[in-house]
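Topology and contacts: notes
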Amino acid sequence: MAQDHEPNDQSTDLELIARWKAGDERAASSLVARHAPALARFAASLGQRVDVDEVVQDTFVRAFGSIDSFRADSSLRTWLFTIERRLILDRRRSARRRRDDTSVDDVDAATEFDPLDEMVAEEAQARVRKAVERLSRLQREVFLLRVNEGLSYKEIAEVLGSTEGAARVHYHNAMRAVKESLYV
Amino acid sequence: MFDCANVEMRELLPELVGGTLDVATRARVEQHVSSCAECASELETLRLVRSAYASTPTVDVRRIVGALPKVPPTASTGRGGRPLTRWIDWRVAAALTMISVGGLSLAVARRWSADVRPRDVGSVGSSVDTLVVPTPRPVDTAGSPSPSNGQRRSPIQPSRNPHVTPPKAQLAFAGGVDDLDDASIKALLGALDEMDRAPLAPSEEPDPTPVLRVIRPGAK
């Protein structure tokens, strides 16, 4: 069966975007295949347990619909993370409104996730997940973007709409909290 | 629990776990970690976190791609999302059509003006105007042979009759009708009728075209 994207496409994101603008559908497939797993991981790490696929799809639809607003001074993945994060936050706000729940602070957000023990086989990983879930939402986002996705503080600041220094502080506070949860 | 004082090395630990360091930097960080208990502990924590979140929820790439907008909303499209090249093609075709029609019209107009212009009114100054009137030719209904040279002769040919003054134009008339008397006008009208009855097919025979001389009053 012919693949609709090129799994080993070495083109840069900007090259693929240009090809897609020129009408190459395979370039879009390559971009989605390249970034969808990271977006799915990020969505899951933010507590999106269901509809991860839908969140990722909405992220790409929104991104491709406004691709002209993408500026090459940041990476495409960073930009996609930014869009996805806003989508997830919007979904949570909508869900809260439906539940008539008006508490919106970070600490509450950190406690609304279901335990993942049943999804994690090893005990150590379960402990790590619990430790991460105890973090505030902002700490968790910074921590996972840094550790799992390898984003720099500058890129994290772009995703969160914050500063590089703030991202650095959130990361180190998160790291300290996780280590205390695991080893103390 | 303490943090390592070597901030540079500590900041590079996530990149070490992610495998994005170059060879030299990686060797340097690994050497540091081997001698730093704090960094070794933090590195282990980072690896646990990555492994805990390593499982990626499955995403249907094909479905996502199918949901993407088909036409890129770029400046290369005109209003309404229609490709600009389509408009350009249409305009180019319209311009070429207009140029062709205009050129053809100009050519027809020039030919018409050339046909009606009395080219050989150079004889205007002469006192005798020559009117060449072809005689009716028999129409060969059985199929008249085509000219031997393959060229179609004009229905009105220059006369080869030695009695005929060889005019350059078949019908040339200079001066106003008011200058002619009744007899001359009748002769002229009769000649025109003869021309109307002239066959279109040329003849191979010598053209016995009579010449009607119109003598202006007062001319010698």
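Keep in mind it's a predicted model, so treat the numbers as computed, not measured.

Tallying secondary structure elements over chain A gives nine helices and zero strands in all. Counted from the first residue to the last, chain A has its helices and strands arranged as α-α-α-α-α-α-α-α-α. The buried share among the 184 residues of chain A stands at 37%. Here the analysis covers contacts within chain A between residues at least 6 apart in sequence; of these, 61% occur between residues at least 24 apart.

A few words on the interface of chain B and chain A. Taken together, the contact between chain B and chain A spans 29 residues of the former and 42 residues of the latter. Broken down by element, the residue count for the side of chain B that touches chain A peaks at eight residues, all from helix α4 (residues 37–52) of chain B. Among the residues forming the side of chain B that touches chain A, the class breakdown is 17 nonpolar, six polar and six charged.

So, on to the nonpolar core. Counting residues in hydrophobic clusters, the biggest one holds 62 residues, and the most contacted among them are V32, A36, A43, V56 and F143 of chain A. Ranked by the residues each element gives to this core, the list is headed by helix α2 (residues 25–45) of chain A, at eleven residues. Sequence-distant contacts of V56 of chain A, that is, excluding residues within four places in its chain, are made with A36, L39, A40 and A43 of chain A together with V59 and I64 of chain B.

Now for the packing of helix α6 (residues 123–133) of chain A against α4 of chain B. Direction vectors running N to C along α6 of chain A and α4 of chain B enclose 95°, while the axes themselves pass 9 Å from each other. What the angle tells us is that α6 of chain A and α4 of chain B run roughly perpendicular. Where α6 of chain A approaches α4 of chain B, its residues A124, Q125, V128, R129 and V132 of chain A are matched on the opposing element by L48, V49, S51 and A52 of chain B. Partitioning the contact of α6 of chain A with α4 of chain B into residue classes produces six nonpolar, two polar and one charged.

Here helix α9 (residues 164–183) of chain A spans 28 Å end to end across 20 residues, near enough to the 28 Å set by a 1.5 Å rise per residue. Among the residues of α9 of chain A, A167, H170, Y171, A174, M175 and V178 of chain A are the ones counted as buried. Seen from one end, α9 of chain A has its buried residues packed into an arc of 135°, which puts them on one side. Residues G165, E180 and Y183 of chain A are exposed on α9 of chain A and point more than 90 degrees away from its buried face. Looking at the buried side of α9 of chain A, the elements it contacts are α6, α7 (137–147) and α8 (153–160) of chain A together with α4 of chain B.

Let us now look at the packing of α7 of chain A against α8 of chain A. All names here are of chain A. With their axes 10 Å apart at the nearest point, α7 and α8 run at an angle of 135° to one another. Our classification of the angle between α7 and α8 gives oblique. As for how α7 packs across α8, the hand of that crossing is right-handed. On the side of α7, the interface is formed by E141, V142, L145 and R146, while α8 contributes I156, V159 and L160. Per-class residue counts for the contact of α7 with α8 are five nonpolar, no polar and two charged.

An ideal rise of 1.5 Å per residue puts 22 Å on 16 residues; α4 of chain B measures up with 23 Å between its terminal C-alpha atoms. Along α4 of chain B, the residues that are buried comprise C39, E42, T45, L46, L48, V49 and A52 of chain B. Lining the buried residues of α4 of chain B we find α6, α7 and α9 of chain A together with α1 (7–11), α2 (13–18) and α3 (23–34) of chain B.

All right, on to the confidence of the model for chain A then. Residues and elements named next belong to chain A. In the predicted model, chain A carries a mean pLDDT of 82, and the fraction of residues at 70 or more is 82%. The least confident element of chain A, judged by mean pLDDT, is helix α5 (residues 106–110) at 46; the most confident is α8 at 94. Under a pLDDT of 50 for its full length, residues 102–113 has, in the predicted model, 16 contacts with residues more than four places off or in other chains.

About the thresholds
- Residues numbered from 1 in each chain as written.
- Chains lettered and ligands numbered in written order.
- Predicted model: local features only at pLDDT ≥ 70, side-chain atom pairs only at ≥ 80, totals over all residues.
- Helix = DSSP H or I, 4+ residues; strand = E, 2+ residues; numbered from the N terminus.
- Buried ≥ 20, exposed ≤ 12 C-beta atoms within 10 Å, placed from the backbone.
- Contact = placed C-beta atoms within 7 Å.
- Nonpolar A, V, L, I, M, F, W, Y, C, P; charged D, E, K, R; others polar.
- Core = buried A, V, L, I, M, F, W, Y, C linked by C-beta atoms within 7 Å.
- Axes fitted to C-alpha atoms, helices over the stretch in contact; angles between N-to-C directions.
- Parallel < 35°, antiparallel > 145°, perpendicular 65-115°, else oblique.
- Expected span 1.5 Å × (residues − 1).
- Arc of directions from axis to C-beta.
- Left-handed = near helix turned anticlockwise from the far one by under 90°.
- pLDDT = per-residue confidence, 0-100.

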